[in-house]
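Coordinate analysis (summary)
Here's the letter readout for the chains.
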Amino acid sequence: MFKIENLSVKYPDGTLAVDNFTMNISSGEHIALAGGNGAGKTTLILALAGIIESDGKVIVDNIELNKKNISEIRKKVGVVFQNPDDQLFMANIYEDIAFGPRNLGIDEETIRHRVDDRLKLLNIEHLKYKTALKLSGGEKRMAAIATVLAMKPSVMLLDEPTAFLDPKSRRNLINILKKLPHSMLIATHDLTFANEVCENTVILKYGKIFSQGKSSEILYDNDLMNRGNLEAIENDYNKTTKQ
Amino acid sequence: MADIRSKLTEFYSLEQMSLKNTVIHKIHPFSKLISTIIYIMCVVSLDRYSFQSLSFYFFYPVITIALAEIPFKMIIKRVIIALPFCVFAGISNIIFDKTIIFSIGGFTLTGGVCSFITIMVKSFLCVASVLILIATTPFSKLTLQLKRMYIPDIIIMLIEMIYRYIGVLMMQADSMMTAYKLRSPYSKFPHIKDMGSFIGQLFIHSADRAERIYKAMKCRGYGTLHIKQIQKKRMILNDYIFMSVVCLSSLMFLITGGQLNV
Ligand SMILES: Nc1ncnc2c1ncn2[C@@H]1O[C@H](COP(=O)(O)OP(=O)(O)OP(=O)(O)O)[C@@H](O)[C@H]1O
Ligand SMILES: [Mg+2]
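The text that follows walks through the structure, step by step, so that each part is easy to find. (Residues numbered from 1 in each chain as written. Chains lettered and ligands numbered in written order. Predicted model: local features only at pLDDT ≥ 70, side-chain atom pairs only at ≥ 80, totals over all residues. Heavy atoms only, no water.)

Structural notes on the nonpolar core
All names here are of chain A. We apply this condition: Residues grouped as a nonpolar core are buried Ala, Val, Leu, Ile, Met, Phe, Trp, Tyr and Cys residues, joined through side-chain atoms within 4.5 Å. Burial classes follow relative accessibility: with a 1.4 Å probe on protein chains only, a residue under 20% of its type's maximum area counts as buried, one over 50% as exposed, and anything between as partly exposed. Only runs of H or I of at least four residues qualify as helices and only runs of E of at least two qualify as strands under DSSP, and these elements are numbered from the N terminus. Contact criterion: two residues are considered in contact whenever any of their non-hydrogen atoms come within 4.5 Å of each other.
Judged by nonpolar contacts, the single largest core of 47 residues is most densely connected at I93, L177, I186 and M225. Sorting elements by how many residues they give to this core places helix α5 (residues 137-149) first, with six residues. Sequence-distant contacts of I186, defined by excluding residues within four places in its chain, comprise I31, A32, L33, L158, P161, L177, F193, V197 and C198. The next biggest cluster of nonpolar side chains, apart from the first, holds 42 residues, and it includes L46, I52, F89 and L204.

Some thoughts on the pairing of strand β10 (residues 208-214) of chain A
Residues and elements named next belong to chain A. Going by this rule: Paired strands, as defined in this entry, are two strands with at least two bridges between them according to DSSP.
Relative to β10, strand β9 (residues 200-205) is paired through six bridges, and the arrangement is antiparallel. Residue pairing across strands places I203 opposite S211, the latter belonging to β10. Between β9 and β10, which follow one another and run antiparallel, lie two residues, and Y206 among them has a positive phi close to 50 degrees.

A few points about the packing of helix α9 (residues 153-183) of chain B against helix α10 (residues 192-219) of chain B
Residues and elements named next belong to chain B. To keep it simple, the criterion reads: Helix axes are fitted to C-alpha atoms over the stretch in contact, other axes to C-alpha atoms as well, and angles between N-to-C directions run from 0 to 180 degrees. To sort the angles, those under 35 degrees are grouped as roughly parallel, those over 145 as roughly antiparallel, those from 65 to 115 as roughly perpendicular, and the leftovers as oblique. Here a crossing is taken to be left-handed if its near helix is turned anticlockwise relative to the far helix by less than a right angle, and right-handed if that turn runs clockwise. Amino acid classes used here: Ala, Val, Leu, Ile, Met, Phe, Trp, Tyr, Cys and Pro are nonpolar; Asp, Glu, Lys and Arg are charged; the rest, including Gly, are polar.
The interhelical angle for the contact between α9 and α10, taken along N-to-C directions, is 130 degrees, at an axis separation of 8 Å. Overall, the two elements α9 and α10 adopt an arrangement that is oblique. Crossing of α9 against α10: the hand is right-handed. Partitioning the contact of α9 with α10 into residue classes produces 18 nonpolar, four polar and two charged.

Section: the coordination of the magnesium ion (ligand 2)
What counts, and what does not: Coordination here is defined by N, O and S atoms within 2.8 Å of the metal (3.2 Å for Na, K and Ca), and since water is not considered, a site can look incomplete.
Donor atoms from the polypeptide that bind the magnesium ion (ligand 2) are A:T42 (OG1) and A:Q82 (OE1), placed at 1.9 to 2.6 Å. Here the residue A:T42 occupies a position in helix α1 (residues 41-48), and A:Q82 occupies one in the loop between β6 (77-80) and α3 (93-103), the gap between them amounting to 40 residues.

Following this line, the structure appears as structure tokens:
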């Protein structure tokens, strides 16, 4: 269970990037976070993981986010960053995925199994001993997701997970995310993706919730989406993909 | 542009070696760390004229490199980068120390030349032994081991950050160089008038980048691990044997080496 109450984030230069945001994510629920450029999606995600300071309440599995139990929260909240380059910093993908579990004090044998398991789940076993420097954008993205899954988080926050992915990898990611039992908040511009993976969608505008509801209704509402600085999914396109 | 990237992969290729699974790689990090420290201390403490006894110390790099299946070239190439610095340290010896050690026919060997050579050899051995440690022990295990030995967190973090920052800085320089060249096709290198802002931006961008990487590290629990939580891997017989062979023989060469050289 993930509870967010009256969350606001103000940057030092005075920009109010998230304004009084309130939402609940029940366990296993996938929620899409849509909104134009600069709407505050990335900021919201960083604040929820306690990486940037915020006002308001964030409660994960009955633990409230504050300075004292920040490390407890980080065990439970996994973040996939907008840019996978920031997330891969070890000598190779194996070491990168093992980095998190090692910080939790897990023994090497268990880590090895866990890494193999995650690589297999995401179909990237062949990348195990490659350096991140030599991967393509899409491969980096998959590896970054694996690093987070290896922490066994209860909530996952993903920032633009489909950026850099080709149609096949995107399809692969959709199938994987649908299967995962974690609660998820997914910031994305890819609305057909949002529609497939998330039951519900929240639209953010100037840091505030502009609208929220069932993805299958909101994302097709032309008028609403226009007012939210977005474009609705085209109905024709929808018909062909749904078949 | 491509050359910075290839330098970078080369830089980390030594670390890639550390994931092999040979006899040397399997030895406990503690045992390797202590052996390396004792070995370096012995090499450094050798008398500066004790040229012959120094040759015994080649046993360690030669044997470990062979057993660990690391290409000799890889280690030697990196050691050579460090040697020019030692030339400056040793060169004054040749000029000032004119004591004659021995002469055969017309050829005389002065103390200065002798100590210059020992300084070079000593540096070679010390740098090589550290490189071998890095090439046979994953960096993360090494820092974990330091932590277990109660080295202050701040020092370990500094080591880790410097190590990662080199990569970040080079990657940043690489992409900025590419962007620069694309827009100024006639120059290979930033023009002197652009150099100031190029270097300034490079540091700002890479500091920013390092900050984001640090955030990502914290997200995955970096810095929350307590010493008590670290899983202890027990040392086995092989680890003790390795450590005692390296340490004892290093000490023995140090002691006997001094006597042989009266
Ligand atoms: N470090 C910062 N300092 C000041 N203002 C910032 C900072 N980072 C972001 N902002 C501002 O906060 C607002 C929200 O930015 P944010 O990055 O959260 O948007 P976003 O919804 O993720 O956009 P995008 O879809 O382009 O990724 C923007 O107006 C941005 O200019
Ligand atoms: Mg963003």
